[in-house]
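# Report on the structure
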4 protein chains.
Amino acid sequence: MVGGGPGAFIGAVHRRAAVLDDLAELAAGAFSADPEKSRAQGRELGLDPGRVYRSYEEMAEREAALPAGARIDFVSVVTPTHLHYGAARAFAERGIHVVCDKPLTTMVEDAEALRTLVGRRGVVFAVTHNYSGYPLVKQARAMVAAGAIGRVIKVVVEYAQDWLAAPVDAAGQKQAEWRTDPARAGVSSSVADIGTHAEHLARYVTGLEIERLCADLTTFVPGRRLEDDANLLLHYRGGARGILFCSQVSSGEENELRLRVYGTEGGIDWRQQEPNALRLRRPGRSEEVLRRGNAYLVPAAQRAARLPPGHPEGFHEAFANVYANVMRTIAARAAGETPDPLDLDFPTVEDGARGVHFIHAAVRSARERGWVDAAYAPRPD
Amino acid sequence: MVGGGPGAFIGAVHRRAAVLDDLAELAAGAFSADPEKSRAQGRELGLDPGRVYRSYEEMAEREAALPAGARIDFVSVVTPTHLHYGAARAFAERGIHVVCDKPLTTMVEDAEALRTLVGRRGVVFAVTHNYSGYPLVKQARAMVAAGAIGRVIKVVVEYAQDWLAAPVDAAGQKQAEWRTDPARAGVSSSVADIGTHAEHLARYVTGLEIERLCADLTTFVPGRRLEDDANLLLHYRGGARGILFCSQVSSGEENELRLRVYGTEGGIDWRQQEPNALRLRRPGRSEEVLRRGNAYLVPAAQRAARLPPGHPEGFHEAFANVYANVMRTIAARAAGETPDPLDLDFPTVEDGARGVHFIHAAVRSARERGWVDAAYAPRPD
Amino acid sequence: MVGGGPGAFIGAVHRRAAVLDDLAELAAGAFSADPEKSRAQGRELGLDPGRVYRSYEEMAEREAALPAGARIDFVSVVTPTHLHYGAARAFAERGIHVVCDKPLTTMVEDAEALRTLVGRRGVVFAVTHNYSGYPLVKQARAMVAAGAIGRVIKVVVEYAQDWLAAPVDAAGQKQAEWRTDPARAGVSSSVADIGTHAEHLARYVTGLEIERLCADLTTFVPGRRLEDDANLLLHYRGGARGILFCSQVSSGEENELRLRVYGTEGGIDWRQQEPNALRLRRPGRSEEVLRRGNAYLVPAAQRAARLPPGHPEGFHEAFANVYANVMRTIAARAAGETPDPLDLDFPTVEDGARGVHFIHAAVRSARERGWVDAAYAPRPD
Amino acid sequence: MVGGGPGAFIGAVHRRAAVLDDLAELAAGAFSADPEKSRAQGRELGLDPGRVYRSYEEMAEREAALPAGARIDFVSVVTPTHLHYGAARAFAERGIHVVCDKPLTTMVEDAEALRTLVGRRGVVFAVTHNYSGYPLVKQARAMVAAGAIGRVIKVVVEYAQDWLAAPVDAAGQKQAEWRTDPARAGVSSSVADIGTHAEHLARYVTGLEIERLCADLTTFVPGRRLEDDANLLLHYRGGARGILFCSQVSSGEENELRLRVYGTEGGIDWRQQEPNALRLRRPGRSEEVLRRGNAYLVPAAQRAARLPPGHPEGFHEAFANVYANVMRTIAARAAGETPDPLDLDFPTVEDGARGVHFIHAAVRSARERGWVDAAYAPRPD
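Residues numbered from 1 in each chain as written. Chains lettered and ligands numbered in written order. Predicted model: local features only at pLDDT ≥ 70, side-chain atom pairs only at ≥ 80, totals over all residues. Heavy atoms only, no water.

## A look at the interface of chain B and chain A
Contact with chain B, which involves 42 residues of that partner, is made by 42 residues of chain A. Buried surface at the junction of chain B and chain A, both sides included, amounts to about 3,100 Å², of which 55% is carbon and sulfur. The largest per-residue losses of area from chain B upon contact with chain A belong to Phe 220, Leu 233 and Ser 251 of chain B, which jointly make up 17% of the total buried on that side. The interface formed by chain B and chain A holds eight salt bridges in total. One can count 17 residue pairs in polar contact (both at pLDDT 80 or more) joining chain B with chain A. Secondary-structure elements contributing two or more residues to the side of chain B that touches chain A are strand 5 (152-160), strand 6 (210-218), strand 7 (229-236), strand 8 (241-247), strand 9 (256-263) and strand 10 (266-271) of chain B. Partitioned by chemical class, the residues of the side of chain B that touches chain A number 15 nonpolar, 14 polar and 13 charged. (Contact = heavy atoms within 4.5 Å. Buried area = accessible area lost by both parts, 1.4 Å probe. Salt bridge = Lys/Arg side-chain N within 4 Å of Asp/Glu carboxyl O. Polar contact = N/O pair within 3.5 Å; in protein donor to acceptor, adjacent residues only side chain to side chain. Helix = DSSP H or I, 4+ residues; strand = E, 2+ residues; numbered from the N terminus. Nonpolar A, V, L, I, M, F, W, Y, C, P; charged D, E, K, R; others polar.)

This is the structure we're talking about:
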């Protein structure tokens, strides 16, 4: 693991997600830019001190030098965004698989470079758009693909929080500080941190690609340097329309992530805070509520559940589902087998690159105060 | 009553709303442009045939000629939109009070002319933005005004339906036909029919006025001449931001009207389909759910309830609340008294004029594909 | 109307329910045992003073003496319970149709006498178990009858309130006073006032009759003379089991009426506070949520709706549905026609008699501290 | 671990719960009565084959013989009920701490013997009434204790499932088979399997002890030998009343566990399927919804959360909270320290013994068809 030192939030989530199914064990780490903190964290986690490193460069180099079987199977990069590129590249270049937090990078160029590198080195590279790990999100995706709601015409996706409603960044809260600091977070705060999750979720479920967008970004808390609220209109390729909004200052919202997709013959509705249910509404028919753990779900949704229906699962399990697929894919590759297509169901480096592209398009639109082209095309090497 | 003949929907709602509290009785009508249909409807409603008229012109003229006490106290105009102006003017000019359905008119000029006329003639003139009649909407307004959520920074208001998801207008469904016909509905369908309700609801609760907007209007059903889906970004005077979306083709949505308002110190959330509850969320505090009928509500909300808490009230009662205030205001005026300020809590001709202005601004923005100025200013006479 | 004087609650509900569809008009009344109050209420309601009576005896006698067409079509009895028997009998004996509030009487003997009288005189007699007027309750009944959930094996019905959690009766609150006074309410408070509604609702939906029951009645508020909380186990004829609980002291509950019915192949769930939805759950299938106003509902449910789906209806409309059916039945009878079977869908004097029987069985069980026979059989004349 | 072989359900839950926080590692097991299956399971879990045993007797004996530090810290007993006593005793006698699934034993005598043994040997002994591990259940307990709802007067606790609605036991489903087999499950199925959870949950939150009860147990599926549905009336010591119902044949219910507690000044409401919220309702005040992860919760609830508010946690985390407290208590004991009182917040052997007592009281009441004394008193050694 790179990052995830004392005081970090997402590092612990990654660790719990990775061990929940007993498919992985933490073996090495460079937990902090401060070697002492890194060592302390390694001790607390019970690691062999010889595999607690002072930097990701050292870790990549020395782990890669270990014999196969002794070295790490993959690395999780859970640092602030500006360090993703360097860390991910260091491992991918050495043929070590990577799980990287989102957004993939601060700059489009870096994201594209990683995408190219991953293709060239053939490593497994996942980006933790973890909401796609929820069983009923997988069900939604399968149902939309199967035409359960006809042709998609409209998407409404939203992600509202309030943890930055007060100037906690100015007050020194560590998580808030780096996310609102252009040097570490890049050109955006709310779009980069949660808007990309919303964009990925909508794309994962519908398969639709954004063609044009019009963004209205606002910084409500005085003194903050990046936007803390964003409202976007979207035009999808093929004619569908969309609304995406995200906010870190929607007072009273905890983590309100919701996706509604409307098609010519029905609509679906999913909310993270009620994650074990998916609503399907079709004109002239009673609403259906599908629930996790039932045999009527598609295989991708069924196997993403660990408990019988009615016993609630949540965020950790969804995160663990991303990890489980990644680890099964790595294991298949290690065994010289073709991964099961169901195992390949995790967000890739291309998903990450699309996310970075989206962030920059939103910022450009807001600056230009109007609609901008936002179609993604991979840059040639 | 003008309009509300056989097959009409909203006419019956107006009639039920007007009689629920036994404050009014239907006395006269011009129910249809077809005199035979008008007579038939009058018979069915048990009216004196001598007061069932062939046209609103005839009705206005002859009712105005009756002695005070014998003539109608006010008229309800419930025709398709293009007839509102003529009918409302005919009565207002003669000093007869008017309750008019929304949108007020198809054209901005007509709306302004009515506004001016009403001022000149001093009649009571209400526009049935009936959602403002819900007790908890009144509570929300009072709480926002009192600062319960701090300074408002963001509004999300939505109104989704699916009754036009299929081409029922092309198939001859009467309600659908006129609403999608530019000659009768004006320049817009979804914004005019439900978007104005959303706009009024947000303005009623927050007091905020739109300064600029960017609208994305789409006609999804082939052959339809007016938009059936609309997504808007809003800039409010003073810096608040907004999202307003409405749709008649959101498959599976029945009448999903919802308003969320976020302030610097909290947020409120109200949905028409759960109308007896209002949610107040403040960072660091437990969510509060306020319910209709309780003594902890403000007077405007308390008196808008007819039943104890827990016995659900709905659309009819909210509509009746608009009527009750109008009728109490008319009664006070008739008695030479100053109306109770609580009685004046109904949407006025100016609210109607603002709505028409909003519709035209949205259409202009969509045509110009960008942000437009949308500030309302009354036109000088 | 008999009862419903100043300060009464349910009288106004009956009046609004009766006029909502413009099928009736209030013509006469004996609103209070105090003639002066009766006159005052008559004035406020705009009645002809000649038809405002000093007592129900006078009203029954004088109205019956009016020529057909001039006299009232039916009477609504909305007094405290102990007066139901006398008032209802006075009108029924004279061949005047009756709508009577519940419970029908305080004593089983009186209920049976009314049942016999109604049969003999052939009058229409309705008891306002108004919750059976909700469209989705009618849908539930039809679905259970059609076997949608297989054979019913278990019923859970509950009705919780908190308005008597404090000793408001001792403090002189009028509604509370008579309901906890054995002289006016009879042998029971919570079972009589709301438990009978729950019992009727369960029986209406399932058709099941109670065979045995075990009741635990408690008076929690010191000094109160009748029980304010009741928990019952039920054995239904044919083997189904049930739980019925009701309470006037469940702090924080407003009017929580809910019915769950489980069969061998599914379950249904309906709550008054979300009255426009009915949930159908079947093992191995997604949950279905049926909503008011849709064409997929049975005719009895469809015609009980006045508004399109999504516009909430509630308590008043359900109450009005009982009245509408009664009035249509009376009209058919007056016209010498056979009433439409759908019009006969209202609670009858036998339903009322069953309710009184149930109350007394519950009280007997609580006194005897054990299971008692509770099968209802009409007493021979 | 004893039990939890191939095909078992709860074994995997225990394993995930124990490792989620990286506080434990599975070291040894006797996973099945069939030594071959036990070995297979051990291999799949990656255990040292030398610590995969043929029986719990062998495991207890040989682990106890290992030097401290090398042996297991505690054992989890996750077999069918009839084996709990023998297994738990084997370890407890040897001074090895025990986590045992519920119900503790099939017979009251065995439960009491274990209780006595645990006291004598001084081992840590937890029974996995895991629902007490939910953060908001802990909050509810603290609030009730602090008087937030006044004196408790009524409890409604329910646990409904439908997995035994069809005769899956007769069809050979392993989980169903043993739970409906008197030889393995004891005298009860639904009360033993889920009713005890409900009873514990209510007692955990309110602190109330049952004094008398009246149970109605029914076997709805033909051929089944134990009850699959149970409805109980409860009298608590001190005058509170209760309803407890549980069912394995409530078609359409997945795992509907809900607790409502009413006091003289308010009520609380918690449902497992919405576990991150707790509702507090007080007369004359708006309802409050408390949510997991917030700083306004009591310490016991705060530290039971791993994620920020709004990111859903569920069943696994609640289960892990039981384990975490047990493991921290064991660690403190091992270190010679006094455990933190917050760590002692887990269900004990006495809770287990109370549960067995409750099961037998319910069965006795049902047989005798009436109220029975159900007060628990520990049996003298």
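## Quick word on the pairing of strand 8 (residues 241-247) of chain D
All names here are of chain D. With seven of seven residues buried, strand 8 lies mostly within the body of the structure. Covered by surrounding structure in strand 8 are Arg 241, Ile 243, Phe 245 and Ser 247 together with Gly 242, Leu 244 and Cys 246, the residues of both alternating faces. Pairing analysis gives seven bridges linking strand 5 (residues 152-160) to strand 8, with the strands arranged parallel. The partner of Tyr 159 across the bridge, within strand 8, is Cys 246. Here seven bridges tie strand 7 (residues 229-236) to strand 8, and the two strands are oriented antiparallel to one another. Opposite Asp 229, over in strand 8, you have Ser 247 as the bridge partner. Linking strand 7 to strand 8, which pair antiparallel, is a turn of four residues; within it Gly 238 sits at a positive phi near 100°. (Buried < 20%, exposed > 50% of the residue type's maximum accessible area, 1.4 Å probe, protein only. Pairing = 2+ DSSP bridges.)

## Focus: the interface of chain B and chain D
Across the contact, nine residues belong to chain B and nine residues belong to chain D. When chain B packs against chain D, close to 790 Å² is buried across both sides, 45% of that on carbon and sulfur atoms. On the chain B side of the interface with chain D, the three residues burying the most area are Ser 286, Glu 287 and Tyr 296 of chain B, jointly 55% of the side's total. Taken together, the connections running from chain B to chain D amount to two salt bridges. Between Glu 287 of chain B and Arg 291 of chain D there is a salt bridge, and its shortest N-O distance comes to 2.9 Å. Classifying every residue of the side of chain B that touches chain D by side-chain character gives three nonpolar, two polar and four charged.

## Some remarks on the packing of aromatic side chains
In this description, an aromatic ring pair is defined by two values, namely the gap between the centres and the angle between the planes. This model, assessed by the stated rule, comprises 24 aromatic pairs over all chains. With a centroid separation of 5.7 Å and an interplanar angle of 85°, the aromatic rings of Tyr 131 of chain C and Tyr 159 of chain C are classed as edge-to-face. Linking Tyr 131 of chain C in the loop between strand 4 (125-127) and helix 6 (135-145) with Tyr 159 of chain C in strand 5 (residues 152-160), this pair joins segments that are 28 residues apart in sequence. Here Tyr 131 of chain C falls in the buried class, since its relative accessible area comes to 4%. Among the residues examined, Tyr 159 of chain C registers a relative accessible area of 1% and is labelled buried. Linked through ring pairs, Phe 74, Tyr 131, Tyr 159, Phe 315, Phe 319 and Tyr 323 of chain A together constitute an aromatic cluster. (Phe/Tyr/Trp six-rings, centres within 6.5 Å; stacked < 30°, edge-to-face > 60°.)

## Quick look at the pairing of strand 10 (residues 266-271) of chain A
Residue and element names in this part refer to chain A. Where burial is concerned, most of strand 10 is hidden: five out of the six residues are buried. Strand direction decides the pairing type here: strand 9 (residues 256-263) and strand 10, joined by six bridges, are antiparallel. Along strand 10, the bridge assignment pairs Arg 258 with Arg 271. From the end of strand 9 to the start of strand 10, which pair antiparallel, there are two residues. Both strand 10 and strand 11 (residues 277-281) contribute to a ladder of three bridges, which runs antiparallel. When the sheet's bridge partners are listed, Ile 268 is paired in strand 11 with Leu 280. Taken together, strand 10 and the strand that follows it, strand 11, pair antiparallel across an intervening segment of five residues.

## Some details on helix 1 (residues 10-19) of chain C
All names here are of chain C. Counting buried positions over the 10 residues of helix 1 gives eight, a clear majority of the element. Along helix 1, the positions that sit buried rather than exposed are Ile 10, Gly 11, Val 13, His 14, Arg 15, Arg 16, Ala 17 and Ala 18. Residues of helix 1 that are buried sit in contact with helix 2 (35-44), strand 2 (74-78), strand 3 (97-100) and helix 11 (315-334).

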